[in-house]
Amino acid sequence: MAELLQQEQQDRGVELDISQFCCSVCLELLKEPVTIHCGHSYCKSCIEGCWDQEVKKGKYSCPQCRETFKSRPVLRRNNMLAEVVEKLQSTSTQMASPSSALSCASTADVSCDFCSGTKPNKATMSCLTCLASYCPVHLKPHYSVPVLKTHQLVSALIPLQDKMCTEHNKLMEIYCCTDKRCICYLCTVDTHRGHRTVSAAAERAEEQKQLIVSQKKVQEGVQEREKELNELRQALKDFKSSIQTAVKSCDKTFDELIASIKRKRTLAKQLIKTQEKSAVAKAEELQLQLEEEISKLRQRDTDLEQLFHLDDHIHFIQTSQSLSTSCESLDVPHDAVVCPQRSIKTVTDCISELREKVESLMKDTWPRISATVSTIDVVLPEPKTREEFLCYSCPLTLDENSAYRYFSVSQEYRRVMSQTYEIQYSAHPDRFRDYRQVLCKEGLSGRCYWEVILSGHSWSVAVSYKDISRTSYDSEFGKNNKSWSLQCSTSAYTFQHNSVSKAVSGPKSNIIGVYLDYRAGTLSFYSISDNNITLLHKENATFTQPLHPGFKLNTDGSWGSSGYFAEIMKI
């Protein structure tokens, strides 16, 4: 029938979808169509049935768009829509013919109850009044005979027998709320007597409300997932772009390092060659001097040898004095020549030392580079083990300008200790005045992990915005909307934010690990013992400013003892 109607509409140049003229409550062609204020149209009986269920609420809504009305709208028949629906029904009846609309029913179809023969036609509509299913040909009387026009027609999606009560063989038109099943009217006075029952239409309207709520949640879920999908696509795009940038930066850095090493190699070779020329020139000069000295000495040796053979005593004495005088002045100092291998070895030793230092630096730095690269991902997984958390460890230093006046801060700015005497700090607007607290200098806005070792009666591990109050009650960690605090003692844990406290259970430890995923909006506290990590509390929040780690030391009457401290562990 729908195919015939579509063909007729195409022949007439009109494009209509028969589903546009179906009631969204009963999903059938509109009967006595009415249009409410929001513009949606329904069967008069369907919308009245829905609103009958909302009388107790005191407000009425559209089942489709959920627009509410303070008072129950007055329903008036939409004459134009009624005429269109009537023409659609008459047109579909006129176009129904065996040659164009009929098809034999398969095993999955509902068969026409009035077709004769071994191959009945496929039923398109079922009549809940006649309790029979009809093909388009046998359905014609229901559109033309006045008494049959009042019958309730539904699409023949399932056999009518499935809608019949198996006990009384009557149409199931009632829903038993007690047993949560459809029944016939005879069941209400028989097996379901005393049960709470409503009409099937009323139950449908009620369940449709629930389905609308569920559909709304599904649609919200779809929107949320689509948003996440778009964010993931953008993250993947940004990730690929950042990877390309990182690779280029890596190439540039290593190229610069290689170029720098090559320049130093060239410079070292130049220095060696220059020193070689200078040293060779000096050595050659010394060589000439030595050769000249040797020649002079040999000449003296010859003269002395000849002197020994003279017979004239006077001439011997005179000559001997002159030869002995000239022999005392030598231009070249003794031990002027050093071992060249020794001087060269000092150069090679320096170069070898440079190589060892570079290799040691690379060996020490590479594990950190490797670990950092291994944490890069499009979708970052939540760390599970302490080793995985340590990949996000960040160096922290205490801000001495924020330390309470009875706090002393170590030279490494990692330990704060409570004292019995006041520290002479300079006046500073960041200093906590009323509570034994201190903040770190670093503001965190990524994935970060740190561990704190604590000693004393009671303490707090916290994170806070930089602009937290430094005076009055509002300055205590956890007592405002600018800080999140895990209060620890020897007997219990308590999480606090904006003056709302939650008891926290977990193994007792004097080492607390803190993990912040700023973008995901999660802050987690862990108990650390023997390299084992146990979650104490995980808080979800929307952070609007960088978070500064902080610590608070409470007093038990002996708070000035030397063992009362909090220290950021070096990991």
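Position numbers for residues start from 1 in each chain and track the written sequence from start to end. Reporting in this predicted model follows two pLDDT cut-offs: at least 70 for local features of residues, and 80 or more for side-chain atom pairs to be given and counted; totals over whole chains, interfaces and linings ignore these cut-offs and use all residues. Only hydrogens and water are removed before side-chain values are computed, so all heavy atoms of the structure are retained for them.

- An unreviewed UniProt entry lists the protein under the name Tripartite motif-containing protein 16-like, with Anabas testudineus given as the organism.

Let's talk about the sheet that holds strand β22 (residues 548-553)
Either a parallel or an antiparallel arrangement is found when strands of a sheet pair, and the pairing is made through backbone hydrogen bonds.
Link 1 in the chain: Only when DSSP finds a minimum of two bridges between them are two strands counted as paired. What counts as a helix is a DSSP run of H or I of at least four residues, what counts as a strand is a run of E of at least two, and both are numbered from the N terminus. If you trace the six strands from one edge of the open sheet to the other, you get β13-β22-β15-β16-β17-β18, paired in antiparallel fashion. Looking along the sheet, the strands with just one partner apiece sit at the ends: β13 (437-439) and β18 (500-504). Strand-to-strand twist across the sheet, computed as the mean angle between neighbouring axes with direction ignored, equals 20 degrees.
Link 2 in the chain: Of the pairings in the sheet, the one linking β13 to β22 comprises three bridges and is antiparallel in character. Bridge assignment links valine 438 to a residue of β22, and that residue is phenylalanine 551. Every axis corresponds to a line fitted to the C-alpha atoms, with the helix fit spanning only the stretch in contact, and the corresponding angles, defined between N-to-C directions, vary from 0 to 180 degrees.

What to know about a positive patch on the surface
Link 1 in the chain: Patch members must show over 30% relative accessible area and no salt bridge, and they are joined within 9 Å when carrying like charges or within 5 Å when they are nonpolar side chains of Val, Leu, Ile, Met, Phe, Trp or Tyr. Reported accessibility uses the Shrake-Rupley method at a 1.4 Å probe radius. Residues are deemed covered only where the shown protein chains occlude them. Throughout this description, the term salt bridge denotes a Lys or Arg side-chain nitrogen within 4 Å of a carboxyl oxygen of Asp or Glu. Under the counting rule used here, the positive set is Lys and Arg, the negative set is Asp and Glu, and His together with the chain ends is not counted. Where a charge lies is defined by one atom per residue type, namely NZ (Lys), CZ (Arg), CG (Asp) and CD (Glu). Taken together, the side chains of Lys262, Arg265, Lys269, Lys273 and Lys277 define a basic patch exposed on the protein surface.
Link 2 in the chain: Mapping lysine 269 onto the fold places it in helix α7 (residues 200-308).

What to know about the sheet that holds strand β5 (residues 125-127)
Link 1 in the chain: In spatial order, the strands read β6-β5-β7; together these three strands make up an open sheet with antiparallel pairing. At either end of the open sheet lies a strand with only one pairing partner, and these are β6 (132-134) and β7 (153-155). Strand after strand, the sheet turns through a mean of 35 degrees between neighbouring axes, direction not considered.

Some points on empty space enclosed by the protein
Link 1 in the chain: A pocket here means an open set of points on a 1 Å grid, computed over the protein atoms alone, that has protein on both sides within 12 Å along at least five of seven lines. A cavity is instead a set of points where a 1.4 Å probe fits but cannot get out; residues with an atom within 4 Å of a point line either one. Grid points are joined across faces, edges and corners, and a volume is the space filled by probe spheres set on the points. All chains considered together, the criterion is met by one cavity of 30 Å³ or more.
Link 2 in the chain: Volume-wise, the largest cavity comes out at about 50 Å³.
Link 3 in the chain: If you go around the largest cavity, the residues you meet are Cys50, Glu54, Ser61, Pro63, Arg66, Ala205, Gln208, Lys209 and Ile212.
Link 4 in the chain: Considered class by class, the residues forming the lining of the largest cavity number four nonpolar, two polar and three charged. Three classes are used: nonpolar for Ala, Val, Leu, Ile, Met, Phe, Trp, Tyr, Cys and Pro, charged for Asp, Glu, Lys and Arg, and polar for all others, with Gly counted as polar.

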